[in-house]
Amino acid sequence: QVQLVESGGGLVQPGGSLRLSCLASGFTLDYYAIGWFRQAPGKEREGVSCISSSSDSTNYAESVKGRFTISRDNARNTVYLQMNSLKPEDTAVYYCAAAPSLSSSCPDEYDYWGQGTQVTVSS
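Residues numbered from 1 in each chain as written. Predicted model: local features only at pLDDT ≥ 70, side-chain atom pairs only at ≥ 80, totals over all residues. Heavy atoms only, no water.

Just checking my understanding: could you explain the side chain of Thr117 for this structure?
With respect to the element layout, Thr117 can be found in strand β11 (residues 117-121). Looking at Thr117, the relative accessible area reads 11%, which means it is buried. Not counting residues up to four positions away in its chain, the partners in contact with Thr117 are Glu6, Ser7, Gly8, Gly9, Leu20, Ala92, Val93 and Tyr94. (Helix = DSSP H or I, 4+ residues; strand = E, 2+ residues; numbered from the N terminus. Buried < 20%, exposed > 50% of the residue type's maximum accessible area, 1.4 Å probe, protein only. Contact = heavy atoms within 4.5 Å.)

Written as structure tokens, this is what we have:
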């Protein structure tokens, strides 16, 4: 069974922090690039961040640059998204996705997707 399961979402006040986790089951993330996406109500899915399989290449949406950090722990088969200085506009369902890749860059498409975790930033 191949699964990606997101966790760590919840309700947080503006300026607060959350760390999202993406746990892979049924396959190893060692040779996979991982992307984080989000979708707010009434809006299209938006790429937030990605990390290459070698962990030497990361990308961030301009809206989150400097506030979010993506990282991976291959031993735990887990990818994290540390979110700091959260804003109400960060409110969305956050998804992680994986694609097999040995490239130093992030892929354009992803093969596996999680079910998402809700992040709500509100006072």
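Can you help me understand the pairing of strand β5 (residues 46-51) in this one?
Within a regular beta strand, the side chains point alternately toward one face of the sheet and then the other, so they alternate between its two faces. Bridge analysis of strand β4 (residues 32-39) against β5 gives five bridges, and the strand direction is antiparallel. The residue of β5 that forms the bridge with Arg38 is Glu46. (Pairing = 2+ DSSP bridges.)

What is the right way to look at unusual backbone geometry in this model?
Most of the time, phi is negative for any residue but glycine, and the peptide bond is trans. Residues other than glycine seldom take positive phi values, yet Asn77 does so here, at roughly 55 degrees. Mapped onto the fold, Asn77 is located in the loop between β7 (68-73) and β8 (78-83). Asn77 sits in the buried class, given a relative accessible area of 13%. The phi torsion at Ser85 lies on the positive side, around 50 degrees, for a residue other than glycine. Structurally, the position occupied by Ser85 is in the loop between β8 and β9 (92-100).

So what exactly am I meant to see when it comes to the packing of aromatic side chains here?
Working definition: an aromatic ring pair is given by the centre-to-centre distance plus the angle between the planes. Scanning the entire structure with this criterion turns up six aromatic pairs. Relative to Trp113, the ring of Tyr110 has its centre 6.2 Å away and its plane inclined at 70 degrees; by these criteria the two rings are edge-to-face. Using a relative accessible area of 13% as the deciding quantity, one classes Tyr110 as buried. Every member of this aromatic cluster is reached through a ring pair, and the members are Phe27, Tyr32 and Tyr112. A cation sits over an aromatic face here: Arg45 above Phe37, 5.5 Å from the ring centre. (Phe/Tyr/Trp six-rings, centres within 6.5 Å; stacked < 30°, edge-to-face > 60°. Lys NZ or Arg CZ within 6 Å of the ring centre and 35° of its normal.)

Whenever I open this one, the state of the cysteines confuses me. Can you help?
Put plainly, two cysteines are in a disulfide when a covalent bond ties their sulfur atoms together. All chains considered together, the criterion is met by two disulfides. Paired by a disulfide, Cys22 and Cys96 hold their sulfur atoms 2.0 Å apart. Its torsion about the S-S bond being 65 degrees, the disulfide of Cys22 and Cys96 is classed as right-handed. One end of the pair, Cys22, is in strand β3 (residues 18-25); the other, Cys96, is in strand β9, and 74 residues separate them in sequence. A relative accessible area of 0% places Cys22 in the buried class. For the protein chain, numbering the cysteines in disulfides from first to last along the sequence yields the connectivity 1-3, 2-4. (Disulfide = S-S within 2.5 Å.)

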